[in-house]
Amino acid sequence: MADCRKIFSTFVCLSVVFFLLVVDSPALGVKKKENALGDKVQQLMEWSSKRPVIRMNGDKFRQYVRAAPRNYSVILMLTALQPQRQCTVCRQANDEFQIVANSWRYSPSFSNKLFFASVDYDEGADVFSTLKLNSAPSFMHFPGKGKPKKGDTFDIQRTGFAAESIAKWINERTDVHIRVFRPPNYSGSIALGLLFTLIGGLLYLRRNNLEFLYNKTSWGIGALCIVFAMTSGQMWNHIRGPPYAHKNPQTGQVHYIHGSSQAQFIAETHIVILLHAAVTFGMVLLHETAVSKGDVGKRRIVTLVGLGIVAFFFSLLLSIFKSKYHGYPYSFLIK
Amino acid sequence: MTVSGLQGKLSSTCPKTCPILPNLQKSKSKACCKRKTENKHPGCDRRPPASANTTYQDPPPKSRTIKMSTAVRGKLPWPLKMSYDKQDTLLKLFVLSIAAVLSFSTRLFSVLRFESVIHEFDPYFNYRTTWFLTEEGFYSFHNWFDDRAWYPLGRIIGGTIYPGLMVTSATLYHVLHFFNITIDIRNVCVFLAPLFSSLTTLVTYHLTKELKDVSSGLVAAAMIAAVPGYISRSVAGSYDNEGIAIFCMLLTYLLWIKAVKTGSLFWGAMCALAYFYMVSSWGGYVFLINLIPLHVLALMATGRFSHRIYVAYSAVYSLGTLLSMQISFVGFQPVQSSEHMAALGVFGLCQIHSFIDYLRAKLSKEYFEILFRTMALFVGTAVTGVGAVLMASGSILQLRCLNVSEHQPTTWSSFYCDLQMLVFMFPVGLYYCFCRLTDANIFIVIYGITSIYFAGVMVRLMLVLAPVMCILSGIGVSGILSTYMKNLDISKVQKKTKKTENYPIKNEVASVVIMMMSLFLITYTFHCTWVTSEAYSSPSIVLSARGGDGSRIIFDDFREAYYWLRHNTPEDAKVMSWWDYGYQITAMANRTILVDNNTWNNTHISRVGQAMASSEEHAYEIMRELDVNYVLVIFGGLTGYSSD
């Protein structure tokens with residue numbers, strides 16, 4: 001009887017212990033999982049506090065973005081920023097992405113539910129192959145629960161990659177509202193401030209002798225410079241940004257003058273400025289010699305020189321114009 | 001730099017100021033302040049004496065009266081029998097009338113090649129509104145709500161257009177009909193622009209005469225008759241605002257210069273009336289209302305401000321602004337929008353400047369100094385405060401640029417194509433102006449520089465540049481020609497025993513120079529006519545091509561389609577087309593349309609675009625919703641129309 005009771009009590013103790021162990025382990029497993037998730041979130045928060053866009057490679061991607069458990073969303077940018085890839089679009093998209101990430105990082109609603117990460121092709125090519133992507137840049141949203149759907153890939157072709165569009169897409173996918181804050185560009189203001197200090201300094205230095213402001217000749221030369229710059233098409237250059245000259249790849253010949261009248265090269269505008277200035281100078285010379293006082297013979301020669309300058313440079317201008325306007329029938333001295 | 005520092009530099013014999021109101025200061029120096037006509041202030045320039053080689057010294061004129069015996073005189077032909085004054089007048093009239101006839105006739109290429117038809121798209125809207133005005137009268141026109149455009153929204157026409165063009169044509173039409181010269185309204189519209197270009201020629205002559213002298217005026221008038229930059233927007237058939245706007249603009253400038261030179265209220269009021277005409281005709285009046293204040297500012301900065309400019313500008317600004325607000329489209333903008341604020345600011349500055357001059361004349365020196373310093377401090381802080389508030393609220397001038405083909409920047413070849421030799425005679429004219437600066441010259445210099453900047457940014461504004469190019473080139477060309485003409489030895493009667501020092505450039509060299517200038521002017525004419533004929537004379541509603549055997553084939557498809565619509569569809573049919581053809585359909589087919597060239601409602605336009613770009617089922621639904629009965633489709637087919 002005593003043996004039976006001993007056996008029974010040990011059996012009960014063992015079963016209780018065993019039961020406790022078995023019952024405890026799921027809870028322990030849950031606690032372990034919770035610890036794991038909390039660790040992940042904490043690690044991500046730590047990284048994003050150092051840098052708003054977390055740089056990832058293949059392993060980090062699999063651990064933090066793909067593997068369960070996750071209760072946060074990740075916005076991932078897949079890009080190729082190395083110089084040898086020559087992906088200018090990637091650089092611009094990267095700038096816009098940084099603006100969105102910064103706006104999120106410093107917004108009042110910042111939480112641990114949304115993280116920004118990026119994978120460069122040269123650091124994580126396996127990520128690209130896992131996701132079956134072969135073009136960059138590309139933005140993807142990985143939700144906390146489930147797999148990414150069709151709408152979780154941002155359609156850059158359709159919407160472009162402006163920071164505002166990215167924020168709008170994030171809002172659609174995650175219901176998190178990010179107010180995009182573009183850091184103010186101070187370069188214009190700084191340049192203006194420098195200009196004003198320069199002018200102020202100049203005026204202050206010469207405050208006793210401000211006669212140069214009244215000098216008609218300097219104003220006249222300034223006005224003429226503006227005129228020459230404008231009539232040679234400098235505004236067109238500034239807005240359209242043409243090349244300096246064009247080198248024909250087959251023949252290797254360098255063209256300084258554009259073939260059609262709809263466009264021009266920078267070299268061409270410089271040539272035109274020189275031609276206009278030369279003709280104007282010739283005309284002014286003609287006038288000056290007639291009214292100035294001096295040696296008669298010399299003035300006569302200068303008149304002839306002025307005349308020659310005007311005729312020659314005008315015919316040059318006309319021939320350049322003719323080469324651009326096919327079908328123009330007139331020419332002066334030079335064909 | 002304080003005012004006192006500047007005054008210390010002036011010569012001590014001159015009074016420091018000239019009184020604004022001459023009758024209050026009888027005790028001041030009489031030699032000063034006769035500033036009625038020119039500001040020749042004897043010995044008393046506020047500006048430092050210019051160095052000798054920058055002033056233009058006209059060589060003393062040789063006596064030109066040729067002593068002829070009456071017997072010799074009797075044998076001459078009749079033009080040379082008259083006195084020099086009469087010859088002068090005859091020559092001027094002759095040149096001006098040829099220039100006016102030339103400017104009219106060079107714009108008639110398309111009328112001769114095709115027929116008298118209105119070109120392009122926008123002129124059809126202007127034609128339709130003018131027709132409405134002549135039929136219904138001014139009050140219906142002013143209150144017109146058009147329900148045949150932008151169905152189902154409609155468009156308020158009375159308050160959203162510049163009525164000057166339509167009113168001008170309608171007035172001309174009624175005047176002609178009063179004298180029983182029954183010209184159809186369409187022909188009045190087609191030929192209005194060439195008529196006004198002739199008038200522009202005359203106005204340019206007068207303006208340049210005010211700026212320099214008669215000979216420059218004649219050259220400038222001849223140049224503006226042919227310049228392609230102006231012709232491009234004023235050919236016969238191009239019935240658009242710019243056709244009369246350039247005339248109004250130059251008229252306003254002429255009257256402004258006269259007001260500045262005489263300082264009389266009469267010319268100021270006339271200038272304000274001309275400005276009203278300008279505001280009624282074109283939206284480009286904003287350029288004027290910023291240029292005139294800029295001129296006044298420049299005069300203040302160079303120390304040329306006087307009571308003449310005060311009177312002129314005050315009259316022009318106050319009367320002009322009041323008159324400009326009578327146009328419904330302008331409304332209250334002159335006191336609200338940022339584009340007009342410069343004029344208001346300069347107006348205030350004028351009052352302050354004159355008041356300071358008045359005080360300076362009244363008070364003694366010390367009191368004036370104290371008052372000036374305190375006031376300057378006070379006003380300065382007030383102005384900076386107001387300026388900071390304004391900048392914070394963001395009401396700074398913004399330049400709006402639309403991406404239309406005419407709104408592209410300008411290449412140098414466009415400049416050359418539109419202006420040819422004016423491009424390099426313009427700097428020569430500028431140089432002449434700088435040699436001899438007067439109040440009026442400063443105006444033309446500022447006008448030239450600002451318009452060349454704007455023309456560089458936008459091709460369409462070449463139109464505003466063309467007149468000033470002609471004026472300054474006229475000054476340049478006539479300067480050179482008159483200098484060398486004096487060197488020509490034309491009088492064989494007079495025996496020259498000694499060579500004068502002033503005319504050392506001998507006969508041959510002078511004649512070579514003059515021949516070359518004439519050659520340039522002839523080349524200019526050839527170029528302008530060629531460009532007008534090739535580039536600017538196509539009506540674009542009628543197309544022509546050369547067949548295989550060289551015969552000319554005319555494509556009149558547009559008009560045939562519109563007249564088919566007019567004759568074969570019910571009165572209330574609605575036509576859907578792309579917005580380019582809207583004006584033409586309402587004018588020629590007289591049917592209701594959905595969208596037209598006004599493009600004021602982009603959502604409606606995008607709905608039409610959606611209907612045209614969708615599949616048939618979807619498009620049909622949209623068209624049923626918009627009550628569309630007919631659709632206009634353009635297709636080039638064998639001819640390969642450019643938009644296929």
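Residues numbered from 1 in each chain as written. Chains lettered and ligands numbered in written order. Predicted model: local features only at pLDDT ≥ 70, side-chain atom pairs only at ≥ 80, totals over all residues. Heavy atoms only, no water.

### Here's the deal with the pairing of strand β3 (residues 543-546) of chain B
Residues and elements named next belong to chain B. Of the strand pairs in this sheet, β3 and strand β4 (residues 552-555) are connected by four bridges, and their pairing is antiparallel. Bridge assignment links serine 544 to a residue of β4, and that residue is isoleucine 554. What sits between β3 and β4 in their antiparallel hairpin is a turn of five residues, with glycine 550 showing a positive phi close to 85°. (Pairing = 2+ DSSP bridges. Helix = DSSP H or I, 4+ residues; strand = E, 2+ residues; numbered from the N terminus.)

### Points about the packing of helix α12 (residues 241-262) of chain B against helix α21 (residues 439-457) of chain B
Residue and element names in this part refer to chain B. Relative orientation of the contacting elements α12 and α21 amounts to 150°, with a least axis distance of 9 Å. In terms of axis orientation, α12 runs roughly antiparallel to α21. At the point where α12 passes α21, the crossing takes the right-handed sense. In contact with Met249, Tyr253, Trp256, Ile257 and Val260 of α12, α21 contributes Asp439, Ala440, Phe443 and Tyr447. Looking at the contact of α12 with α21 residue by residue, the class counts come to eight nonpolar, no polar and one charged. (Axes fitted to C-alpha atoms, helices over the stretch in contact; angles between N-to-C directions. Parallel < 35°, antiparallel > 145°, perpendicular 65-115°, else oblique. Left-handed = near helix turned anticlockwise from the far one by under 90°. Contact = heavy atoms within 4.5 Å. Nonpolar A, V, L, I, M, F, W, Y, C, P; charged D, E, K, R; others polar.)

### Considerations on the UniProt feature "domain: AglB-like core" (unreviewed entry) in chain B
Taken from the UniProt record, the annotation "domain: AglB-like core" (unreviewed entry) applies to residues 564-633 of chain B. For residues 564-633 of chain B, the helix share is 50%, the strand share is 10%, and the end-to-end C-alpha distance is 14 Å. (UniProt positions renumbered as here; feature names shortened; annotations may be inferred.)

### Thoughts on the UniProt feature "transmembrane region" (unreviewed entry) in chain A
Residues and elements named next belong to chain A. Residues annotated in UniProt with the feature "transmembrane region" (unreviewed entry) correspond here to residues 186-205, 217-236, 271-289 and 301-321. Within the segment residues 217-236, helix and strand shares are 90% and 0% respectively, and the terminal C-alpha atoms sit 29 Å apart. Secondary structure content for residues 301-321 is 100% helix and 0% strand, and the end C-alpha separation is 30 Å.

### Some thoughts on a nonpolar patch on the surface
A contiguous nonpolar surface patch, about 780 Å² in accessible area, is contributed by Leu363, Tyr367, Ile370, Leu371, Met375, Phe378, Val379 and Val383 of chain B. Tracing the backbone through its elements, the reader meets leucine 371 of chain B in helix α18 (residues 365-393). (Patch = residues over 30% accessible without salt bridge, like charges linked within 9 Å, V, L, I, M, F, W, Y side chains within 5 Å. Areas by Shrake-Rupley, 256 points an atom, 1.4 Å probe, with all protein chains shown as cover. Salt bridge = Lys/Arg side-chain N within 4 Å of Asp/Glu carboxyl O.)

### Looking at the side chain of serine 281 of chain B
Residues and elements named next belong to chain B. Mapped onto the secondary structure, serine 281 falls in helix α13 (residues 265-281). Of note is the side chain of serine 281, whose polar atom sits 2.9 Å from the backbone oxygen of methionine 278. Beyond its immediate sequence surroundings of up to four residues, serine 281 is in contact with Tyr162, Gly164, Asn241, Ile244, Ala245 and Cys248. (Polar contact = N/O pair within 3.5 Å; in protein donor to acceptor, adjacent residues only side chain to side chain.)

### As for the nonpolar core
If you look at the biggest cluster of nonpolar residues, it comprises 177 residues, and the most contacted ones within it are Tyr253, Trp256, Leu419 and Leu430 of chain B. When residues of this core are assigned to their parent elements, the largest contribution, 15 residues, is made by helix α22 (residues 462-485) of chain B. Beyond its immediate sequence surroundings of up to four residues, leucine 430 of chain B is in contact with Ala223, Leu224 and Val227 of chain A together with Val445, Ile449 and Leu472 of chain B. (Core = buried A, V, L, I, M, F, W, Y, C linked by side-chain atoms within 4.5 Å. Buried < 20%, exposed > 50% of the residue type's maximum accessible area, 1.4 Å probe, protein only.)

### Details of the interface of chain B and chain A
For an interface, size is often stated in terms of accessible area lost upon the parts coming together. On the side of chain A, 58 residues touch chain B, which itself brings 53 residues to the contact. For the pairing of chain B and chain A, the buried interface totals around 5,300 Å² over both sides, and the portion due to carbon and sulfur atoms is 76%. Looking at the side of chain B facing chain A, the largest losses of area belong to Trp412, Phe424 and Trp530 of chain B, adding up to 15% of the total buried there. One can count zero salt bridges joining chain B with chain A. If you look at where chain B meets chain A, you find five residue pairs in polar contact (both at pLDDT 80 or more). Taken together, the elements giving at least two residues each to the side of chain B that touches chain A come down to α1 (3-9), α19 (412-419), α20 (422-435), α21, α22 and α23 (507-535) of chain B. Looking at the side of chain B that touches chain A, the element that brings in the most residues is α20 of chain B, giving eleven residues. (Buried area = accessible area lost by both parts, 1.4 Å probe.)

### Topic: helix α9 (residues 216-231) of chain A
All names here are of chain A. Taking 1.5 Å as the rise per residue, α9 with 16 residues should run 22 Å; its terminal C-alpha atoms sit 22 Å apart, in good agreement. Taken as a whole, α9 has its buried residues at Lys216, Gly220, Ala223, Leu224, Val227, Phe228, Met230 and Thr231. Relative to the axis of α9, the buried residues are bounded by an arc of 165° and lie together on one face. Where α9 terminates, the next one or two residues include glycine 233, which has phi positive at roughly 85°. (Expected span 1.5 Å × (residues − 1). Arc of directions from axis to C-beta.)

### A word on α13 of chain B
All names here are of chain B. Along its 17 residues, α13 runs 24 Å from first to last C-alpha, staying within 8% of the 24 Å computed at 1.5 Å per residue. All buried positions along α13 are accounted for by Gly268, Cys271, Ala272, Ala274, Tyr275, Met278, Val279, Ser280 and Ser281. Looking at the packing, one finds that the buried side of α13 touches α8 (164-178), α12, α14 (285-301) and α15 (307-324).

### Concerning unusual backbone geometry
Residues other than glycine predominantly adopt negative phi, and peptide bonds predominantly adopt the trans conformation. With an omega dihedral of 0°, the bond running from tyrosine 151 of chain B to proline 152 of chain B counts as a cis peptide bond. Positionally, proline 152 of chain B belongs in the loop between β1 (145-146) and β2 (155-156). In this model, aspartate 175 of chain A sits at a positive phi of 60°, which is unusual for a non-glycine residue. Relative to the assigned elements, aspartate 175 of chain A resides in the loop between α6 (163-174) and α7 (187-205). Judged by relative accessible area, aspartate 175 of chain A falls into the exposed class, the value being 67%. Located in the positive-phi region is glutamate 120 of chain B, a residue other than glycine, with phi close to 55°. Locating glutamate 120 of chain B in the fold gives a position in the loop between α5 (109-113) and α6 (122-136).

### Notes on the packing of aromatic side chains
Within this structure, the stated rule accounts for 44 aromatic pairs over all chains. Seen from their ring centres, phenylalanine 61 of chain A and phenylalanine 142 of chain A are 5.8 Å apart, and the 75° between their planes marks the pair as edge-to-face. You can see phenylalanine 61 of chain A sitting in helix α2 (residues 58-66) and its partner phenylalanine 142 of chain A sitting in strand β4 (residues 138-142), a full 81 residues away along the chain. With a centroid separation of 5.0 Å and an interplanar angle of 45°, the aromatic rings of phenylalanine 154 of chain A and tryptophan 169 of chain A are classed as tilted. One end of the pair, phenylalanine 154 of chain A, is in the loop between β4 and α5 (156-159); the other, tryptophan 169 of chain A, is in helix α6, with 15 residues separating them in the sequence. The burial state of phenylalanine 154 of chain A is the same as that of tryptophan 169 of chain A; both residues are buried. Among the aromatic residues, those joined into a cluster by ring pairs are Phe321, Tyr325 and Tyr328 of chain A together with Trp412, Tyr416 and Trp530 of chain B. (Phe/Tyr/Trp six-rings, centres within 6.5 Å; stacked < 30°, edge-to-face > 60°.)

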